[in-house]
Amino acid sequence: MSGSAPIANGKYEMVVGLEVHVQLRTRTKLFCNCPTQFGEPPNRNTCPVCLALPGSLPVLNESAVELATRAALALGAELHEESIFARKNYFYPDLPKGYQISQFDKPLATKGQLVIGERGDGTAMRIGITRVHMEEDAGKSIHDRFPGASAIDLNRAGVPLIEIVSEPDLRSSAEAGSYLRLLRQLLEYVDVSDLNMEEGSLRVDANISVRRRGATQLGTKTEVKNMNSFSGVERALEAEFARQVDILENGGVIEQQTLLWDADRGTVRPARSKEGSHDYRYFPDPDLPPLRLTKDWIERLRGHLPELPDAKRRRFAEQHRLGTYDIDVLTASPRIAEYFEAVAHAHGDAKTAANWIMGEVLAVLKQSGLPIERFPVRPRDVATLLDMVRSGAVSRSAAKRIFARMAETGDLPAQIAEREGLAQVGDEAQLAAWVDEVLAAQPAEWDRYRGGEKKLLGVFVGAVMKKSGGRADPKKVNQLLTTRASG
Amino acid sequence: MEATLSAAELAKRHALGSVAPAETVKQAFARASEIRAGPQGLNALLSTDREAALGAADEVSRLHREGNRPRPLAGVPVVVKANIATLTMPTSCGSRILEHYVSPFESTVVTRLRAAGAIVIGKTNMDEFAMGSSTENSAFGPAKNPLDPTRVPGGSSGGSAACVAAGIVRIALGSETGGSVRQPASFCGVVGVKPTYGRVSRYGLVAFASSLDQVGVFGRTVDDAALGLGAIAGRDRYDSTSADVPVDDYRALADRDLEGVKIGRPREYFPESLDARIRDRCDASLELLRGLGATVRDVSLPHTELAIPTYYIIAPAEASSNLARFDGVRYGLRVNAPALRDMYERTRSEGFGPEVTRRILLGTYVLSAGYYDAYYRKAQEVRALIADDFRRVFDSGVNVLFTPTAPTPAFPLGTRSDPYDMYLSDIFTATANLAGIPALSLPVGRVDGMPVGGQVMASHFDEATLFRVAYALERALGEDAHR
């Protein structure tokens, strides 16, 4: 990369559109009854249809249509009552039929949008969604397993995907990153996919061009593939931006081509083209009648959509009176939001619940690597624990220890407090005895305190807490000490 | 097989136990060897499975002994075209590329035939991937017409037509994309029916042009064909293009006259250039139909002449995509080469014959960017016009149309070397495929000693009327149908 690029960067802006492939969370493939389960032995999940044996025919999986529709609705897209499956023809060994069944000029939905933040002037930064269409996945070619030969695994062939194509509305790698994170969050909310990038259930291709700032004409674009993380997408866009700027600054022209991101080297390289030309000879698949959705059906699905991230954020601000940071953390995943609301509802104080979840629950989850839906502590037990803190039955510090135990054992907080002797001690006689011992050990300090050095109170409270093993009720200890001093 | 028995009568006797299915099957094989139906002779049968057939015959006997309900095709031997998947015997499609390919799954039509009691005894020769009108395009050599082995049996389902004409079986399955059952039926002097698109499942029929393909049935008589079609018709959840329309009893109107039936005689099917003897045969049949109570009127289907050019854009376009799966990767012929592209090229060059190659190239061309609108889209528009022609005529009160099936009788082998001349064999039949309507060919007499067929066409899913007219005409013609 030439040294001139960073200097020249300021003159140019990046124009990016993203194509996101999302594997739909169906039990079976798009056009046959084979399971979609990941990780099976090669070619286990195959049948005459997805092997493209002569005479086999596709039959559309209705639950895939339902999930695709949910995703399109969540993106605010216009659902088409009639869409057409078309054949995208090309030869490749992992494409058994010699064509991919996809949607072309009549996709499932068009004209959606995703808001990825606010501009300086407070207006929403809306990224247009050109289209959402359904298609089947291809199989996998394995080139490094058998010397001198390639192997084909068709387990993935025919797995249902949606492709979400954005308008070229993104202007930086950071915007692309926000778009992807918010898109993933939205799709998690509507629960249409496992969204696992490592298993390939979410894949991103980027179309990128550059132009001088202020120009309205789009430059020649390249397509960058093979990014396997969102940060990889951001890095790839930066690298490709710099490459294109460098070419333009040196008087060259951008060649329209497909590039592969090399994460190890941090560079892009040209892809080996699958076919000499990319004339896919699309035409409507005569084996599949047009997909017809009734208005009623679409509206019923719309009615069943869960609360989406934006709405949830607004509601959390109004109903729970939480700040932006808390809201962002708690609505990041719908399951965390749900967990939070269950705790807040049972406990009654949203702010306390929010703090506890952000501080304790998420820390334990992060440490254990468990997803929240498999977290053994039920929300109502967390609420009970918070109730105990509020009533003074346990101290905050004891509560943290109890919570750690709850996460390990799934036991109830009261049981743990009892068993481990962590119940807060409010008994006057016991507290007085501890206070006596502390004062007897520090007579000089006690005199100074009584002489007006009020900040020493904390030292005594701390000493009593320590003596009690954290069980003494600090409020009562406080009271006891002040009474004692004035008495 | 007793030549005088209908398939229905034969099934009845098997069920009653008066004839043993195994004997019927043995007679079918005996007849096949007597007339040399195999590669050294008529070359109508590409493969047979005697052992499985006899096993199936014993199974039919056993079921009846155990008191099971008699089935409509109990013990009736049938043959099926080599592009229809069966679990034994190769589904070669008449092609080198699938020469040894045996399907691991069974077509819905064969499953239904077997469920009706039929016994599949062999697979029949065909033009490679059903592309042709004479069965000369088979990779395994041409089939011959049993009525005159110097002539073609027609095609592409020539082997099935020949097996029925030769008296090996009474019922055979073929497939149609543009007349491939009716034209050979006409050439061989048997009955052939192409049902409405969607009437019969295509699951297990190796695709040529999916929007046109439909399994069809040959019968020695109208009744045999009606019985066969009744057994395979109906919605199949494995074929999204099969229709959920009730299946009529096609044999119910066998004895009816034609009082109240309105028959159209489309003038485009009787052009000046038509062989006068074929015209006379058809007009004589129309006279007979009138005598049975039908009214006949002249009608017009003005877009008929566009059918062949339209067909030869749509069918190759779909074929170019449907045949992409024969790439040497998963099954069938593979000719190895160090580079992937070379493996594809060698496999497909050696695996496909010249007509298939021609149509793949044609289809690839018409779907290419820049040509799609001029060819494929335009052809779809013309196709809609052809379908509208039929709709208008049927909406005007006409129940069926009557036409010649083919412009000529069976021609001598090797005489149609120009592909376009060959394509014109389907000039009267391709329209029904493009419009999706049902049509049937039955023998209406002979010209130069060779049979010629008359074609009955009806509106979508009205196979009942199609058969009603065919039964009545067959009865009225009597022996004249074969004179």
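A few points on the structure. (Residues numbered from 1 in each chain as written. Chains lettered and ligands numbered in written order. Predicted model: local features only at pLDDT ≥ 70, side-chain atom pairs only at ≥ 80, totals over all residues.)

### Notes on the overall build of chain B
In step 1: Across its full length, chain B holds 15 helices and eleven strands.
In step 2: Here the C-alpha atoms of chain B give a radius of gyration of 21 Å, agreeing with the 23 Å that 2.2 N^0.38 yields for 483 residues.
In step 3: When contacts within chain B are restricted to residue pairs at least 6 apart in sequence, those whose partners lie at least 24 apart make up 76%. (Helix = DSSP H or I, 4+ residues; strand = E, 2+ residues; numbered from the N terminus. Rg over C-alpha atoms; globule rule 2.2 N^0.38 Å. Contact = placed C-beta atoms within 7 Å.)

### Side note on the nonpolar core
In step 1: Judged by nonpolar contacts, the single largest core of 219 residues is most densely connected at A:Ala68, A:Ala71, A:Val132, B:Val78, B:Cys163 and B:Phe218.
In step 2: Sequence-distant contacts of A:Ala68, defined by excluding residues within four places in its chain, comprise A:Leu24, A:Leu108, A:Val132, A:Met134 and A:Ile162.
In step 3: Ranked by size, the runner-up nonpolar core spans 33 residues in total, among them A:Val343, A:Val394, A:Ala398 and A:Ile402. (Core = buried A, V, L, I, M, F, W, Y, C linked by C-beta atoms within 7 Å. Buried ≥ 20, exposed ≤ 12 C-beta atoms within 10 Å, placed from the backbone.)

### Here's the deal with the interface of chain A and chain B
In step 1: With 25 residues of chain A in contact, the opposing surface of chain B contributes 34 residues.
In step 2: Within the side of chain A that touches chain B, the residues separate by chemical class into 17 nonpolar, three polar and five charged. (Nonpolar A, V, L, I, M, F, W, Y, C, P; charged D, E, K, R; others polar.)

### Things to note about the sheet that holds strand 6 (residues 109-118) of chain A
All names here are of chain A.
In step 1: Taking strand neighbours across the sheet as the criterion, the nine strands line up as 2-6-7-10-1-11-12-13-14 in an open arrangement whose pairing is mixed. Looking along the sheet, the strands with just one partner apiece sit at the ends: strand 2 (78-79) and strand 14 (267-270).
In step 2: Two elements, strand 11 (residues 202-212) and strand 12 (residues 222-227), share four bridges in a ladder whose sense is antiparallel. Note that in strand 12 the partner of Asn207 across the bridge is Glu223.
In step 3: The sheet strands contacting helix 3 (residues 173-190) are strand 1 (12-23), strand 6, strand 7 (124-136), strand 10 (160-166) and strand 11, and the helix crosses strand 6 at an angle near 115°. (Pairing = 2+ DSSP bridges. Axes fitted to C-alpha atoms, helices over the stretch in contact; angles between N-to-C directions.)

### Topic: the packing of helix 15 (residues 457-467) of chain A against helix 16 (residues 474-486) of chain A
Residues and elements named next belong to chain A.
In step 1: Viewed as axis vectors pointing N to C, helix 15 and helix 16 meet at an angle of 130°, and their least axial separation amounts to 10 Å. Considering the angle they form, helix 15 stands oblique to helix 16. The chirality of how helix 15 crosses helix 16 is right-handed. In contact with Leu457, Phe460, Val461, Val464 and Met465 of helix 15, helix 16 contributes Pro474, Val477, Asn478 and Leu481.
In step 2: Here the residues of the contact of helix 15 with helix 16 sort into eight nonpolar, one polar and no charged. (Parallel < 35°, antiparallel > 145°, perpendicular 65-115°, else oblique. Left-handed = near helix turned anticlockwise from the far one by under 90°.)

### Overview of the packing of helix 13 (residues 428-441) of chain A against helix 16 of chain A
Residue and element names in this part refer to chain A.
In step 1: Running from N to C, helix 13 and helix 16 point in directions that differ by 60°, and their axes come no closer than 10 Å. Judged by the inter-axis angle, helix 13 sits oblique to helix 16. Classified by chirality, the crossing of helix 16 by helix 13 is right-handed. When helix 13 is examined against helix 16, the residues Leu431, Ala432 and Val435 are found in contact with a partner set consisting of Lys476, Val477, Leu480, Leu481 and Arg484.
In step 2: Taken together, the residues of the contact of helix 13 with helix 16 break down into six nonpolar, no polar and two charged.

### Some remarks on the sheet that holds strand 5 (residues 99-103) of chain A
In step 1: Taken in spatial order, the three strands make up an open sheet running 5-4-15 (chain A), and their pairing is antiparallel. Both outer strands of the open sheet, strand 5 and strand 15 (283-284) of chain A, are each paired with one neighbouring strand and no more.

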